[in-house]
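Listed below, chain by chain, are the residues.
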Amino acid sequence: MASESSPLLAYRLLGEEGAAFPPNGAGGSGVASARKLSTFLGVVVPTVLSMFSIVVFLRIGFVVGHAGLLQALAMLLVAYIILALTVLSVCAIATNGAVRGGGAYFMISRTLGPEVGGSIGLMFYLANVCGCAVSLLGLVESVLDVFGADVTGSSGIRVLPQGYGWNLLYGSLLLGLVGGVCTLGAGLYARASFLTFLLVSGSLASVLVSFVAVGPRDIQLAPRPGTNGSSVPPRYGHFTGFNGSTLKDNLGAGYAEDYTTGAMMTFASVFAVLFNGCTGIMAGANMSGELKDPSRAIPLGTIIAVAYTFFIYILLFFLSSFTCDRTLLQEDYGFFRGISLWPPLVLIGIYATALSASMSSLIGASRILHALAQDDLFGVILAPAKVVSGGGNPWGAVLYSWGLVQLVLLAGKLNTLAAVVTVFYLVAYAAVDLSCLSLEWASAPNFRPTFNLFSWHTCLLGVASCLLMMFLISPGAAGGSLLLMGLLSALLTARGGPSSWGYVSQALLFHQVRKYLLRLDVRKEHVKFWRPQLLLLVGNPRGALPLLRLANQLKKGGLYVLGHVTLGDLDSLPSDPVQPQYGAWLSLVDLAQVKAFVDLTLSPSVRQGAQHLLRISGLGGMKPNTLVLGFYDDAPPQDHFLTDPAFSEPAEGTREGGSPALSTLFPPPRAPGSPRALSPQDYVATVADALKMNKNVVLARACGALPPERLSRGSGSNAQLHHVDVWPLNLLRPRGGPGYVDVCGLFLLQMATILSMVPAWHSARLRIFLCLGPREAPGAAEGRLRALLSQLRIRAEVQEVVWGDGAETGEPEEEEGDFVNGGRGDEEAEALACSANALVRAQQGRGTGGGPGGPEGRDGEEGPTTALTFLYLPRPPADPARYPRYLALLEILSRDLGPTLLVHGVTPVTCTDL
């Protein structure tokens, strides 16, 4: 994280719904002055306030009354097991490094990447928004219980009209108050958090004392909504004091209609309301930047807060079950006030809790939104959320959140929103568990949390339990939230995100790839599963772009390495010049849209560098088995960067993001006639070296003339019909009969077949030419070849051509070597090469029929033409002195043939067995 430049550093959150502190930068006195909070004030207080929401005062009776004591305790146990598992993950991540502004969003995004982190961060933001609405609705409900015009009982002060519209108005007014405070500054809430904690604790203490000190009494119940209170006899709930019969009656479940919504309650719906009151466990972790000793304070303070709230909830469940009948519990959710020694103190606690929770939720939501906006994950949509005041308060994000909370208030019922809020929190908790699980499974050396009370088992159980409870609570909300998260992740993936956060996905991939590379045993290789693994040597990619893409099509899912040799001697250089070049080559791979690795080396000569790359490129069973080179001729180099749309660049020479354009990173092609880095002698020697190392060799000539549609990633179905011609015979040493089907000839067939399987080449017809001597009977060799093609499952057109007088040399052929190693003279060899070239060119424009448009091709051509020709590449001569003559014969053989691949294979690549 030393290179972290995210604007998230500008803010810290006071817990999950906490207050912001001024930015403290990356070092210096600012950090020292900010780290002054103790475990109690920095972790315990904000976490307890977040977990003691309005539910603790207004929904204890709801949970016990509908679920009964036993199921209520089971719900509480399940909820806190889920929370405890997540707490372990939070503590592990928080003690592995400083958690900066954004809380859960920061932890998830810096672990799982911006795609998942951004989507989860937005979900967590929505959870805080809905949580703010729930707190406000609970506050309105508690206010109307005392001051509502329809309130019953002698203690009611009937001054406020009631109804959906009025309730919405009251919630909106309270939201305006809360939003105004948040807009002016969150520090006010931060300074008052301890006072709020004292008020809530005092109110709860008075409730606990009242259970013991107050005698039995009848409490009048409010009439059901929609009924005429004057015509319905008053109903009463009973506070019996500690009574065994009351406890017995309250042990079992008694699910009934919720008197506020009229909906029938179930285990899932009651659990949703209970769990919503237990959220807020990440409040302490979000305070890591302000804690004196975060590695100790976060685990200790969070565990203390969770244990304290768990104890209070259990105590309230037992006391309510012992002293209140089911009617009171189900019909009066605010019965604490009716049994209190001093009811105003309960009201103070309710109002303080609700206001504190709503303000902290709105503040937390705005800080998460501000962090999302600063990371620029959603573009201009969240641009106004970046606006901050002079004191650093993100009032733009506050206004965004205020408007969204206002929309949520339209739901109007606390219990209606509880399930949605719970599902969103569970999604965030599952993501935190998944982040910790990923870090643990990746076995990254830098994942060294000081909190060790966790394992991958607890993380996995936490993920599973969160997902399970999501669907138990609300299958619709759970499915919708996951769908929304998927859509957001897809959107962020399409937009692209920062690459400097250090995603755990890369660590996981590394871990798995290393493991499978070790299992990829070269001793178990079989010819059935052979695939080309290419090393393409590139001098200047400006002139090799078509070949680079053609090689990408030939790899058939195999390894593809772009190799480049930089000339030099490390002893005479101050630093390695190769390392800074990797960025440019990787950018080239991205823009060319090829799936290739990059391997660069420094060597005194290109030939030695090629030897280095052939030996050391790849790893384990994934090493290049085929060397690909451009052809060595006198054709003037072309600059394909100027004509390829993918490499169109701004005039000022920079790309988006300010990185240098490729035109400034790769030099222009050499001028015609200028000296080359590789001599003809070394070029042929490089081919000979590869064959000595048992590598196949492919020499590519005139690939720049390939039709553009053939190098694209499309299907090629609308492209002009072309032929791919294969000559599996050494034309510099002609032989008739079936003897031509050697290892190299089969390798040519395999490479041509692989190319025909590429979508862009599907419409091309594969033609195999069978050369006959003057005395050879036509038809026999063709039948044998067709039988072989049938066994090899290769669909191709076979054509016999008569090889002229050049075949009748009258000289015995050697079993090893080729023509140029034989005893013929240079003039005879050149004449044979010219004859072979004329034979190939004569067949290129001929076809058995036209494409979809008839026998005539485009531009008046007679039928389809040859798009690519595969020729047999003879071995270089044993005598290095004859290398230049060998290269000259290859030039004559492939002259004016258009795009041509000269191929020599040394390894078996085909198999007729299943």
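Definitions and limits used
Residues numbered from 1 in each chain as written. Predicted model: local features only at pLDDT ≥ 70, side-chain atom pairs only at ≥ 80, totals over all residues. Heavy atoms only, no water. pLDDT = per-residue confidence, 0-100. Helix = DSSP H or I, 4+ residues; strand = E, 2+ residues; numbered from the N terminus. Contact = heavy atoms within 4.5 Å. Pairing = 2+ DSSP bridges. Axes fitted to C-alpha atoms, helices over the stretch in contact; angles between N-to-C directions. Parallel < 35°, antiparallel > 145°, perpendicular 65-115°, else oblique. Left-handed = near helix turned anticlockwise from the far one by under 90°. Nonpolar A, V, L, I, M, F, W, Y, C, P; charged D, E, K, R; others polar. Patch = residues over 30% accessible without salt bridge, like charges linked within 9 Å, V, L, I, M, F, W, Y side chains within 5 Å. Areas by Shrake-Rupley, 256 points an atom, 1.4 Å probe, with all protein chains shown as cover. Salt bridge = Lys/Arg side-chain N within 4 Å of Asp/Glu carboxyl O. Lys, Arg positive; Asp, Glu negative; His and termini not counted. Charge placed at Lys NZ, Arg CZ, Asp CG, Glu CD. Core = buried A, V, L, I, M, F, W, Y, C linked by side-chain atoms within 4.5 Å. Buried < 20%, exposed > 50% of the residue type's maximum accessible area, 1.4 Å probe, protein only. Right-handed = clockwise from strand over helix to strand, strands pointing away. Polar contact = N/O pair within 3.5 Å; in protein donor to acceptor, adjacent residues only side chain to side chain.

Caption draft 1: A look at the confidence of the model for the chain. Residues of the chain with pLDDT of at least 70 account for 80%, and the chain-wide mean is 78. Across the chain, element-level confidence peaks in strand E3 (residues 534-537) with a mean pLDDT of 96 and bottoms out in helix H1 (residues 29-34) with 41. Within the model, the stretch residues 1-34 combines pLDDT values under 50 with 95 contacts to residues more than four positions away or in other chains. Predicted confidence for residues 806-817 stays below pLDDT 50, and this span has 17 contacts to residues more than four positions away or in other chains.

Caption draft 2: Structural context of the sheet that holds strand E12 (residues 900-904). With respect to topology, 10 strands assemble into an open sheet ordered E5-E4-E3-E6-E7-E12-E11-E8-E9-E10, the strand pairing being mixed. Single-partner strands in this sheet number two, and they are strand E5 (597-603) and strand E10 (797-802). Across the sheet, the mean angle from the axis of one strand to that of its neighbour is 25°, orientation sign disregarded. As paired elements, strand E11 (residues 865-872) and E12 share 4 bridges and run parallel to each other. Paired with Leu871 across the strands is Leu902, a residue of E12. Here helix H21 (residues 582-592) sits on the sheet in contact with strand E4 (560-567) and E5, set at roughly 145° to E5. Against the sheet, helix H24 (residues 680-692) engages strand E6 (626-630), strand E7 (696-701) and E12, with an angle of about 170° to E6.

Caption draft 3: Structural view of the packing of helix H27 (residues 826-844) against helix H28 (residues 883-893). In the contact formed by H27 and H28, the axes pass within 8 Å of each other and the chain directions differ by 25°. In terms of orientation, H27 lies roughly parallel with respect to H28. Crossing of H27 over H28 shows right-handed handedness. Side by side, H27 and H28 meet where Asp826, Ala829, Glu830, Ala833, Cys834, Ala836 and Asn837 of the first sit next to Arg885, Leu889, Ile892 and Leu893 of the second. Looking at the contact of H27 with H28, its residues break down into 7 nonpolar, 1 polar and 3 charged.

Caption draft 4: Spatial organisation of a positive patch on the surface. Side chains of Arg514, Lys515, Arg519 and Lys524 sit close together on the surface and give a patch of like positive charge. For Arg514, the location among the structural elements is in helix H19 (residues 504-519).

Caption draft 5: Focus on the nonpolar core. By size, the foremost hydrophobic cluster in this structure holds 139 residues, and its most contacted members are Phe57, Phe211, Leu316, Phe317, Phe336 and Val405. Considering every element that reaches this core, the biggest residue donor is helix H4 (residues 60-94), with 20 residues. In this view, Phe211 contacts Phe239, Phe242, Leu316, Leu319, Ser320, Thr323, Cys324, Phe335, Phe336 and Ile339; residues no more than four positions away in its chain are not counted. Listed in part, the 67 residues of the second largest apolar core include Leu749, Ala752, Ala781 and Val798.

Caption draft 6: The arrangement of the pattern of salt bridges in detail. This model, assessed by the stated rule, comprises 8 salt bridges. Residue Arg549 pairs with Asp644 through a salt bridge whose shortest N-O separation is 2.4 Å. Of the two residues, Arg549 sits in helix H20 (residues 541-554) while Asp644 sits in the loop between E6 and helix H23 (662-665), which places them 95 residues apart along the sequence. On the basis of relative accessibility, which here comes to 14%, the residue Arg549 falls in the buried class. Judged by its relative accessible area of 14%, Asp644 is buried. Among the charged side chains, a salt-bridge network with shared partners connects Asp633, Arg701, Glu891 and Arg895.

Caption draft 7: Quick peek at the pairing of E12. For E12, a buried count of 5 out of 5 residues is recorded, marking the element as mostly surrounded by other parts of the structure. On E12, burial covers both faces: Thr900, Leu902 and His904 on one face and Leu901 and Val903 on the other are all buried. Sheet topology note: the E7/E12 ladder contains 5 bridges and is antiparallel. Across the sheet, the residue bridging to Val697 is His904, located in E12. In this view, the connection linking E11 to its parallel neighbour E12 by way of H28 has right-handed handedness.

Caption draft 8: Region of the structure containing the side chain of Ser474. Relative to the helices and strands, Ser474 is located in the loop between helix H17 (456-473) and helix H18 (475-495). Side-chain polar atoms of Ser474 contact the backbone nitrogen of Ala477, separated by 3.2 Å.

Caption draft 9: Summary view of a nonpolar patch on the surface. Nonpolar side chains collect at one region of the surface, where Leu195, Leu199, Val209, Leu341, Trp342 and Ile348 lie side by side and expose about 590 Å² of accessible area between them. Looking at which element gives the most residues to the nonpolar patch, the answer is helix H8 (residues 187-213), with 3 residues. The topology assignment puts Leu195 in helix H8.

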